[in-house]
Amino acid sequence: MALRSRKTAGAAGNARPRRIRWAERWRGWRRHHSQSAAESLAKVLQQPLSSCMTWLVIGIAIALPSGLWVVLDNVSQLGDHLERPAQLSLFLKGDVQANDASRLALDLALRDDIQSTEFVHRDAALAEFVERSGMGELAQGLPENPLPHLLLVIPRPAAPEALGDLRGELEGLPAVEEALLDTLWLQRLQSLMTLGRRAVQLLALLLLAAVVLVLGNTIRLAIESRRDEIVIVKLVGGSDAFVRRPLLYTGLWFGLGGGVVAALLVAAGTFVLASPVNALSAAYQSAFVLRGLGIVDSLQLVLVGAFLGLGGAWLAVARHLTAIEPR
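Residues numbered from 1 in each chain as written. Predicted model: local features only at pLDDT ≥ 70, side-chain atom pairs only at ≥ 80, totals over all residues. Heavy atoms only, no water.

S.K.: Explain a nonpolar patch on the surface here, please?
M.R.: Together, Leu56, Ile60, Leu64 and Leu265 make up a nonpolar patch on the protein surface, roughly 320 Å² of accessible area in all. For the nonpolar patch, the element with the highest residue contribution is helix α3 (residues 48-82), accounting for three residues. (Patch = residues over 30% accessible without salt bridge, like charges linked within 9 Å, V, L, I, M, F, W, Y side chains within 5 Å. Areas by Shrake-Rupley, 256 points an atom, 1.4 Å probe, with all protein chains shown as cover. Salt bridge = Lys/Arg side-chain N within 4 Å of Asp/Glu carboxyl O. Helix = DSSP H or I, 4+ residues; strand = E, 2+ residues; numbered from the N terminus.)

S.K.: How should I be thinking about the confidence of the model for the protein chain in this particular structure?
M.R.: Low-pLDDT portions of the prediction should not be read for the details of their coordinates. The share of residues in the protein chain with pLDDT of 70 or more is 70%, and the mean pLDDT across the chain is 75. Within the model, pLDDT remains below 50 along residues 1-13, and this stretch shows zero contacts once partners closer than five positions in the same chain are excluded. (pLDDT = per-residue confidence, 0-100. Contact = heavy atoms within 4.5 Å.)

S.K.: Could you clarify how one ought to interpret the pattern of salt bridges in this entry?
M.R.: Oppositely charged side chains may form a pair once their charged atoms are brought near each other. Throughout the structure, instances matching the rule amount to four salt bridges. We note a salt bridge from aspartate 113 to arginine 111, for which the minimum N-O separation is 2.9 Å. Arginine 111 is the salt-bridge partner of glutamate 169, the closest N and O atoms lying 3.0 Å from each other. Taken together, the residues glutamate 169 in helix α7 (residues 160-171) and arginine 111 in the loop between α4 (98-109) and β2 (114-120) connect sequence positions 58 residues apart.

S.K.: Teacher, can you tell me more about the nonpolar core here?
M.R.: A general tendency of soluble globular proteins is for nonpolar side chains to be buried together. One finds Ile58, Ile62, Val211 and Phe254 to be the most contacted residues of the largest nonpolar core, which totals 17 residues. Elements represented by at least two residues in this core include exactly α3, α8 (184-225), α10 (240-283) and α11 (295-320). Looking at this core, the element that brings in the most residues is α3, giving six residues. Once you skip the residues sitting within four places of it in the chain, isoleucine 62 turns out to touch Leu208, Val211, Gly259, Ala262, Leu301, Gly305 and Leu308. Within the second largest apolar cluster, 15 residues are counted, among which are Leu90, Leu151, Val153 and Leu170. (Core = buried A, V, L, I, M, F, W, Y, C linked by side-chain atoms within 4.5 Å. Buried < 20%, exposed > 50% of the residue type's maximum accessible area, 1.4 Å probe, protein only.)

If you want it as structure tokens, here you go:
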């Protein structure tokens with residue numbers, strides 16, 4: 001009996017823990033991921049009212065900057081449709097005769113980079129000035145017409161740099177005193193569009209930060225509701241990653257649902273506004289059509305919601321999970 005006991009003790013002392021193969025670890029990791037995803041989704045769906053409220057809050061927060069961005073994109077498109085061609089005003093020198101000015105207008109109209117030209121006689125320019133300003137008596141007292149002949153040049157559509165080069169070239173003509181490029185309205189439109197995009201980006205950052213905070217608070221409540229379960233899992237040797245995984249999937253489902261709600265809200269808003277906007281465009285004989293989010297943009301919006309859900313859940317778990325330790 002003593003000999004048998006010593007053999008048994010020796011066998012127990014020589015026992016080695018079984019090594020877990022990499023394939024088994026991989027299968028276990030995948031199995032726990034699938035179980036965590038399914039169980040967290042089931043828990044989210046078990047509380048439909050609170051889950052729908054969370055999805056709606058997240059969806060509205062994501063849809064607001066997205067909808068404003070769609071509006072800016074359509075305004076930019078509308079600006080392209082309503083864009084007036086840039087106009088060059090060539091003020092000729094005082095000694096240039098009307099016949100020479102008319103001949104110069106015809107020569108410039110033959111250029112490939114110029115769409116059309118118009119010759120404005122100095123007398124016609126003075127008459128238009130008197131009509132618009134109402135200073136007829138003052139104009140009658142002038143000994144001679146002080147206005148020069150004018151050529152209105154419409155260049156073909158080109159980049160602003162090319163238009164600037166054309167202005168410099170035309171200003172260098174012997175008969176031209178000064179050349180002015182009418183692009184102030186375009187610069188103002190571009191400045192307003194830049195300001196609008198910056199404002200939308202700032203609003204998006206604020207609202208996305210609010211989404212992360214909402215999701216973080218939701219995950220914090222989920223952690224508190226599972227406190228006893230988390231303590232038991234840690235007592236039996238469960239790692240932080242094992243405990244963290246279901247909570248991250250919970251944030252993912254909330255963010256994914258919020259992204260879907262946001263895409264649906266933007267699509268609904270576009271659908272509601274499309275009919276009156278298209279009718280107004282047709283009344284003005286314009287080819288403008290209201291554009292909404294495409295399939296790719298909608299999927300990107302859903303992915304943004306999913307990443308926000310993961311980010312908010314990760315921040316909440318990193319902050320509150322470490323505070324729960326078994327005693």
